[in-house]
Amino acid sequence: MAKVLRTGNMSKCIGCFSCVLVCAAFNRKSHSIQKSCIKIRTYGGVSGKLVETVCHACREPACAAACPSNALTLRKGGGVTLEKDQCIGCRRCQSACIINAVNFDEDLNEPIICHHCGLCVRYCPHECLSVVEVND
């Protein structure tokens, strides 16, 4: 069975950014939060709650449909996989994602695509994130 990242306990999030930082470090070899697949921000100002933006593993992903070079291929369980050698850096995938979950790496001129590895889950101290098994 395929596994996908899910959120559900964001009310417990303290904004430590551990998930964001480990994602950027492991997947992009960077310590910049701009290079992470997951985004954490406040909703409602400084005293508002924390919310996440992360790939929802769509079964019919708009990002893949928008890609003119077929660099985004469907992933088992939902979402997409980036074929870096086919990417032309057009950013259509970024603008097509209705939840703004596709980040863009300016240095490499390619999208930052979550591949649902679950590493962010292991580093979240309050279990705000989880990885669940889904049917292929």
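Now for a look at the structure at hand. (Residues numbered from 1 in each chain as written. Predicted model: local features only at pLDDT ≥ 70, side-chain atom pairs only at ≥ 80, totals over all residues. Heavy atoms only, no water.)

1. Re the pattern of salt bridges
Where we set the bar: Salt bridge, as used here, is a side-chain nitrogen of Lys or Arg placed within 4 Å of a carboxyl oxygen of Asp or Glu. Secondary structure elements are defined from DSSP: runs of H or I of at least 4 residues count as helices, runs of E of at least 2 residues count as strands, and each element is numbered from the N terminus.
For the structure shown, the criterion picks out 6 salt bridges. Residue Arg28 is joined to Asp105 by a salt bridge in which the shortest nitrogen-to-oxygen separation is 2.8 Å. Of the two residues, Arg28 is situated in helix 1 (residues 18–28) and Asp105 in strand 6 (residues 103–105); the sequence distance between them amounts to 77 residues. Measuring nitrogen to oxygen at the nearest pair gives 2.7 Å for the salt bridge that ties Asp107 to Lys35. In this pair, Asp107 sits in the loop between strand 6 and strand 7 (110–112) while Lys35 sits in the loop between helix 1 and strand 2 (39–43), placing the two residues 72 residues apart along the sequence.

2. Thoughts on the side chain of Glu52
Our working definition: Only protein chains enter the accessibility calculation, which uses a 1.4 Å probe. A residue is then buried if its area is under 20% of the maximum for its type, exposed if over 50%, and partly exposed in between. Under the counting rule used here, the positive set is Lys and Arg, the negative set is Asp and Glu, and His together with the chain ends is not counted. For this analysis, residues touch if any pair of their heavy atoms sits within 4.5 Å.
As for its position among the elements, Glu52 is in strand 3 (residues 49–53). Lys49 provides the closest opposite charge to the buried, salt-bridge-free Glu52, at an N-O distance of 8.1 Å. If we ignore the near neighbours within four places in the chain, the residues touching Glu52 are Thr7, Met10, Lys39 and Ile40.

3. Some details on the nonpolar core
To keep things clear, this is the line we draw: Side-chain atoms within 4.5 Å are what join buried Ala, Val, Leu, Ile, Met, Phe, Trp, Tyr and Cys residues into a set we call a nonpolar core.
In this structure, Leu5, Cys13, Cys19, Ile38, Ile40, Cys114 and Leu129 are the most contacted members of the largest nonpolar core, which totals 18 residues. Among the elements that make up this core, the one with the highest residue count is helix 1 (3 residues). If near-sequence neighbours (up to four positions away) are discounted, Cys114 is found in contact with Leu5, Cys37, Val54, Cys55 and Val80. Core analysis: the next-biggest nonpolar cluster, separate from the first, contains 12 residues, Cys63, Ala64, Leu82 and Cys93 among them.

4. Thoughts on unusual backbone geometry
Backbone geometry places Phe17, a non-glycine residue, at a positive phi of 65°. Residues other than glycine seldom take positive phi values, yet Asn70 does so here, at roughly 55°. For Asn70, the position within the fold is in the loop between helix 2 (62–66) and strand 4 (72–74). Note on Asn70: relative accessible area 52%, which makes it exposed.

5. Concerning the environment of His116
Our working definition: As used in this structure description, the phrase polar contact means that two N or O atoms lie within 3.5 Å; if the pair is within protein, one of them must be able to donate a hydrogen and the other to accept it, and residues adjacent in sequence are counted only when both atoms belong to side chains.
Tracing the chain through its elements places His116 in the loop between strand 7 and helix 4 (119–122). On the basis of relative accessibility, which here comes to 4%, the residue His116 falls in the buried class. With 15 residues separating them along the chain, His116 and Val131 place their C-alpha atoms 7.8 Å apart. If we ignore the near neighbours within four places in the chain, the residues touching His116 are Lys3, Val4, Leu5, Cys55, Ala57 and Arg75. A polar contact is formed between the side chain of His116 and the backbone nitrogen of Leu5, at a distance of 2.9 Å.

6. Quick notes on the packing of aromatic side chains
A ring pair, where both rings are aromatic, is described by two values, the distance of the centres and the angle of the planes. Inclusion rule: Side-chain rings of Phe, Tyr and Trp, where Trp is taken by its six-membered ring, are said to pair if the distance between their centres is within 6.5 Å; with planes under 30 degrees apart they count as stacked, over 60 as edge-to-face, and otherwise as tilted. Only lysine NZ and arginine CZ atoms are considered, and such an atom sits over a ring when it is within 6 Å of the ring centre and within 35 degrees of the ring normal.
For the coordinates displayed, the defined rule picks out 0 aromatic pairs. If you follow Lys29 out to its NZ or CZ, it ends over the ring of Phe26, 5.4 Å from the centre.

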